[in-house]
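Close look at the chain arrangement
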Amino acid sequence: MTWSLLESVYGVSAAAVPPNALMVGLTLVQGAAAKGAVCLDGTLPGYHLHRGFGTGENSWLIQLEGGGWCNSLRSCIYRKKTHRGSSTYFEKTIPFTGILSNKAEENPDFFNWNRVKIRYCDGASFAGDSENKAAGLQFRGQRIWLAAMEELMSKGMHDANQALLSGCSAGGLASILHCDEFRSLFPESTKVKCLSDAGLFLDAADVSGGHTLRGFFDGVVNLQVQESLAPKTADPNGNWRDCKLNNERCSASQIHFLQGFRNHMLSAVKGFAASRQNGLFLNSCFAHCQSERQDTWFADDSPIINNKPVAIAVGDWFFDRSSIKAIDCAYPCDTTCHNLVFK
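The following paragraphs examine the structure supplied in this document. All residue numbers refer to positions counted from 1 along the written sequence of the respective chain. Note on the predicted model: pLDDT of at least 70 is required for a residue's local features to be given, and 80 or more for side-chain atom pairs to be given and counted; whole-chain, interface and lining totals, by contrast, use all residues. To obtain the side-chain values, all non-hydrogen atoms of the structure were included, while hydrogens and water were left out.

**Side note on the overall build of the protein**
The criterion, for reference: Numbering goes from the N terminus for both helices and strands, where a helix is a DSSP run of H or I of at least four residues and a strand is a run of E of at least two. Throughout, a residue-residue contact means that at least one pair of heavy atoms, one from each residue, lies within 4.5 Å. The method behind every accessible area is Shrake-Rupley, applied with a 1.4 Å probe, and residues are considered shielded solely by the protein chains displayed.
Scanning the protein from terminus to terminus reveals 12 helices and 13 strands. Partitioning the contacts of the protein with sequence separation of at least 6, the portion at a separation of at least 24 is 70%. Here the protein has roughly 14900 Å² of accessible surface; of this, 53% comes from carbon and sulfur atoms.

**Details of the pattern of salt bridges**
Put simply, the test is: A carboxyl oxygen of Asp or Glu within 4 Å of a side-chain nitrogen of Lys or Arg is what we treat as a salt bridge. Categorising residues by exposure relies on relative accessible area from a 1.4 Å probe, with only protein chains included: less than 20% of the type maximum marks a residue as buried, more than 50% marks it as exposed, and the intermediate range marks it as partly exposed.
On inspection of all chains with the given rule, the structure shows 15 salt bridges. Salt-bridge contacts for Asp109 lead to Arg321; the nearest nitrogen and oxygen are separated by 2.8 Å. Separated by 212 residues along the polypeptide, Asp109 in the loop between strand E4 (93-96) and strand E5 (114-118) and Arg321 in the loop between helix H12 (310-318) and strand E13 (325-327) bring together distant segments of the chain. Note on Arg321: relative accessible area 45%, which makes it partly exposed. A salt bridge links Lys193 to Asp320, with the nearest nitrogen and oxygen atoms 3.0 Å apart. Of the two residues, Lys193 is situated in strand E9 (residues 191-197) and Asp320 in the loop between H12 and E13; the sequence distance between them amounts to 127 residues. You can call Lys193 buried: its relative accessible area is 14%.

**Some words on the pairing of E9**
Where we set the bar: Two strands qualify as a pair provided that DSSP identifies no fewer than 2 bridges between them.
The buried fraction of E9 amounts to 5 of the 7 residues, a majority that puts the element mostly inside the structure. Where strand E8 (residues 162-168) and E9 come together, 7 bridges link them in parallel fashion. From the neighbouring strand, Gln162 faces E9, where its bridge partner is Lys191.

**Some points on helix H4 (residues 170-177)**
Among the 8 residues that make up H4, 6 are buried, leaving the element largely enclosed by the rest of the structure. Buried within H4 are the following residues: Ala170, Gly171, Gly172, Leu173, Ala174 and Ser175. Packing partners of the buried residues in H4 comprise strand E3 (59-64), E8, helix H5 (179-184) and E9.

**A few points about the nonpolar core**
Just so we agree on the cut-off: Here, nonpolar core means buried Ala, Val, Leu, Ile, Met, Phe, Trp, Tyr and Cys residues that are tied together by side-chain atoms lying within 4.5 Å of each other.
Judged by nonpolar contacts, the single largest core of 35 residues is most densely connected at Ile62, Ile118, Met149, Leu152, Met157 and Phe182. When contributions to this core are tallied by element, the ones reaching two or more residues are strand E2 (46-50), E3, E5, helix H3 (141-154), E8, H4 and E9. The greatest single-element share of this core, amounting to 7 residues, is contributed by H3. Excluding anything up to four places from it in sequence, Leu152 contacts Tyr47, Trp60, Ile62, Val116, Ile118 and Met157. Counting 22 residues, the second-largest nonpolar core is a separate cluster that includes Leu100, Trp113, Trp297 and Ala311.

**Focus on the side chain of Glu292**
To be explicit about the condition: Under this definition, polar contacts are N or O atom pairs within 3.5 Å; protein pairs additionally need one hydrogen-donor-capable and one acceptor-capable atom, and for neighbouring residues in sequence, both atoms have to be side-chain atoms.
Among the structural elements, Glu292 can be located in the loop between strand E10 (280-282) and helix H11 (294-297). A polar side-chain atom of Glu292 sits 2.8 Å from a polar atom in the side chain of Gln63.

**Looking at H12**
With 8 of 9 residues buried, H12 lies mostly within the body of the structure. Burial in H12 covers these residues: Val310, Ala311, Ala313, Val314, Gly315, Asp316, Trp317 and Phe318. On its buried face, H12 sits against E8, E9, E10, H11 and strand E12 (308-309). One or two positions beyond H12, positive phi appears at Asp320, with a value near 60°.

Written out as structure tokens, the structure is:
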């Protein structure tokens, strides 16, 4: 499975960028190298910042970029020659869509906040602090996180009256890992919450009965359905290939297997859901990184649970307008998912 295919199926690039999307320029963290806070190849980390305005002037939303992981020297050496491991290959401008949009009709609760996307170039969810000199690899995700936070605090985030740390996939896992650290940056009077979009990776049995995900976490893990539930090692004959790329091609037995994974996840989050302050929005659509995509975040045909798209549910949860414990019916009962089939 190539990175380009993974991104086309799971990344924000899978959705068309709205023609009027805000394009935001790249800023490199100039003081990062002195702190050892560098990408896999030793280049400077970076972020994209669009300033808040009006009532959102002192509110901050941090989005940690996702993009899988590398779990071996070979895969990390390859990765450092891409935008997932080197700022040399970062796009100079990127579109801010979904939860990063600056338009109220696209992002009703966070459109006028200070919105930041921190680029992902350490290969391990902004975690770890080591190196492999022989391979020319720097594993400095924790230092990148700290350097980015220090930079943003100096740019006004220290005055925030409310802040939300978010991320998808590898970035969603990072938002879980760094949530407590993020909370500690602010005084108790600041409203701080953390959002993990598709950042929960379960130790689930794959289609051969093995635990590919558990093994991959020895190095770090790849994406769920494609690389842990039905990896090539568990599916050498490619019986799951069509199902992985288009859920409408899944057989009844394959859908039954995926429903078992759904039940495993619901069991895993049961304790988390018991807390009133925690929120859940678990829909049954075959889509990844829904907070970053305009079509899944907030659009006329976005997936909904209890008549709410994820954008409204997240806003209700963050602002304590209502308790959000939204769990969708099992696929394929939800007709709002049918616009999200990837072909």
